[in-house]
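As a plain string of letters, each chain reads:
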Amino acid sequence: MLTKPAFRVVLFDLDGTLIDTNHLIVTCFQHTFRENLGREVPAAEIFPHFGEPLPATMDYFGPGRGQELVDFYRTYNVANHDRLIRQFPGVPEAVAELHAAGVLLGIVTSKRSDMARRGLRVSGLEQYFAAVVGMDETTVHKPEAEPALLALQRLAVQPGPDVLMVGDSKYDILCGHNAGLRTAAVGWTVQDRQTLDQESRPHYWLERPADLVALVLGR
């Protein structure tokens, strides 16, 4: 007899959660800062800003030059996106299994929706997601609840404990909390795990993609 999934909806962050864009993002930031600010910024200083809307990160590193840096970053990112993104082992299989089990899947990302869909398409994941919400579609962004709530609206689902928000940064987890959802942090995050746990308190930690399937399907 088929068992009912423990969660009927899963909302995912994209970068660093579903697709491995860590090298792409660090490369784009470092190139932007090197060319525009004359600074070499180590990856360790960039990681804490993963999941943050790009304009906020650029305002932090280049006060008063945020939009200039955003435009430069995006141009370089678009030119190098497809060749630098990777798949996390086991993630495509986990997503396909959840979809096959009838779980509704959505994306809540701090990148623009067009680039989010491009990343999903290049990674072979686009067909599994019924809703994609990018930062260009809401007035406020993660960690506020609005992006997650918009994704649920598009899925025709009410927020509640049967919806899981999965991410690799505090912005993802706090977004889920603020929307009244259950939350899970992925063990393959580049963030400091202790800090992430202390700052956002996810309900669950997923060490590998198979743990996500087991949690969502109640195995």
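Details of the structure are given in the entry above.
Note that the coordinates shown come from a computational prediction; the quantities given were computed from them, not determined experimentally.

Caption draft 1: Fine view of the overall build of the chain. Each helix and strand counted, the chain has 10 helices and 8 strands in total. Since a compact globule built from 219 residues should have a radius of gyration of about 17 Å, the 17 Å found for the chain is in line with a globular shape. Dimensions along the principal axes, computed over C-alpha positions, put the chain at roughly 60 × 30 × 30 Å. When each of the 219 residues of the chain is scored for burial, the buried share is 53%. A separation of at least 24 residues holds for 65% of the contacts in the chain among residues at least 6 apart in sequence. When the accessible surface of the chain is split by element, carbon and sulfur atoms take 51% of a total near 9800 Å². Looking at charge distribution, the chain has the averaged site of its 21 positive side-chain charges lying 3 Å from that of its 27 negative ones.

Caption draft 2: Broad picture of the pattern of salt bridges. Tallied over the full model, the rule gives 14 salt bridges. A salt bridge links lysine 170 to glutamate 199; the shortest N-O distance between them is 3.5 Å. Of this pair, lysine 170 sits in helix α8 (residues 170-178) while glutamate 199 sits in helix α9 (residues 193-200), and the two are 29 residues apart along the sequence. For lysine 170, a relative accessible area of 27% translates into the label partly exposed. Glutamate 199 sits in the partly exposed class, given a relative accessible area of 42%. Between arginine 208 and aspartate 211 there is a salt bridge; the shortest N-O distance is 3.6 Å.

Caption draft 3: Region of the structure containing unusual backbone geometry. Cis rather than trans, the peptide bond between lysine 142 and proline 143 has omega equal to 15°. The phi dihedral of arginine 201 falls on the positive side, at around 50°, and the residue is not glycine. Residue class for arginine 201 comes out exposed when judged on its relative accessible area of 51%.

Caption draft 4: Representation of the pairing of strand β1 (residues 9-12) in the model. Both faces of β1 are covered, namely the face carrying Val9 and Leu11 and the face carrying Val10 and Phe12. One ladder, built from 4 bridges, connects β1 with strand β4 (residues 104-108); its direction is parallel. Among the inter-strand pairings, phenylalanine 12 is bridged to a residue of β4, identified as isoleucine 107. Sheet topology places β1 next to strand β6 (residues 163-167); 4 bridges connect them, and they run parallel. Note on β6: the bridge partner recorded for phenylalanine 12 is valine 166.

Caption draft 5: Quick look at the environment of proline 48. As for its placement among the helices and strands, proline 48 is situated in the loop between α2 (43-46) and α3 (54-61). Take proline 48: its relative accessible area is 42%, and that puts it in the partly exposed class. Along the primary structure proline 48 and glutamine 191 are separated by 143 residues, whereas in three dimensions their C-alpha atoms are 6.4 Å apart. With residues up to four places along the chain from it excluded, the contact list for proline 48 reads Tyr171 and Gln191.

Caption draft 6: View of the packing of helix α1 (residues 22-37) against helix α4 (residues 66-84). α4 packs onto α1 with a crossing angle of 140° between their chain directions and a minimal axis gap of 9 Å. Between α1 and α4, the angle falls in the class oblique. In terms of crossing hand, the pair formed by α1 and α4 is right-handed. Contacts from His23, Leu24, Ile25, Thr27, Cys28, Phe29, His31, Thr32, Glu35, Asn36 and Leu37 in α1 reach Glu68, Leu69, Phe72, Tyr73, Tyr76, Asn77, Asn80, His81 and Leu84 in α4.

Caption draft 7: A look at the packing of aromatic side chains. On inspection of all chains with the given rule, the structure shows 8 aromatic pairs. Between phenylalanine 33 and phenylalanine 61, the aromatic rings sit 4.7 Å apart at their centres with planes inclined by 35°, giving tilted as the arrangement. In this pair, phenylalanine 33 sits in helix α1 while phenylalanine 61 sits in helix α3, placing the two residues 28 residues apart along the sequence. Each of the two residues, phenylalanine 33 as well as phenylalanine 61, counts as buried. Aromatic side chains tyrosine 60 and phenylalanine 61 sit 5.0 Å apart centroid to centroid with 85° between the ring planes, which places their arrangement in the edge-to-face category. Chaining the aromatic ring pairs together yields one cluster made of Phe29, Phe33, Tyr60, Phe61 and Tyr73.

What counts, and where the lines are drawn
- Chains are numbered independently. Their residues run from 1 in the order of the written sequence.
- Reporting of local features is limited, given that this is a predicted model, to residues whose pLDDT is at least 70; pairs of side-chain atoms are given and counted only at 80 or more, and all residues count toward the totals for whole chains, interfaces and linings.
- Hydrogens and waters are ignored; side-chain quantities use all the structure's heavy atoms.
- A run of H or I in DSSP counts as a helix once it spans at least four residues, and a run of E counts as a strand once it spans at least two, with each numbered from the N terminus.
- Only C-alpha atoms enter the radius of gyration; for comparison, a globular chain is expected to reach 2.2 Å times N to the power 0.38, where N is the number of residues.
- Only protein chains enter the accessibility calculation, which uses a 1.4 Å probe. A residue is then buried if its area is under 20% of the maximum for its type, exposed if over 50%, and partly exposed in between.
- Contacts are assigned to residue pairs that have any heavy atoms within 4.5 Å of one another.
- Only the protein chains shown count as cover for residues, and the accessible areas themselves come from Shrake-Rupley with a 1.4 Å probe.
- Positive charges come from Lys and Arg, negative ones from Asp and Glu, while His and the chain ends are left out of the count.
- Just so you know, the charge point we use is NZ for Lys, CZ for Arg, CG for Asp and CD for Glu.
- Here, a salt bridge means any Lys or Arg side-chain nitrogen found within 4 Å of an Asp or Glu carboxyl oxygen.
- Any two strands between which DSSP finds at least two bridges are classified as paired.
- In this analysis, axes come from line fits to C-alpha atoms, helices being fitted only over the stretch in contact, and the angle between any two N-to-C directions falls in the range 0 to 180 degrees.
- Any angle from 65 to 115 degrees is called roughly perpendicular, while one under 35 is roughly parallel, one over 145 is roughly antiparallel, and all others are oblique.
- Whether a crossing is left-handed or right-handed is set by the direction in which the near helix is turned from the far one by less than a right angle, anticlockwise for left-handed and clockwise for right-handed.
- Here is the rule: rings of Phe, Tyr and Trp (six-membered ring for Trp) pair when centre to centre is within 6.5 Å. Planes less than 30 degrees apart are stacked, more than 60 are edge-to-face, and the remainder are tilted.

Honestly, it's all geometry; don't read function into it.
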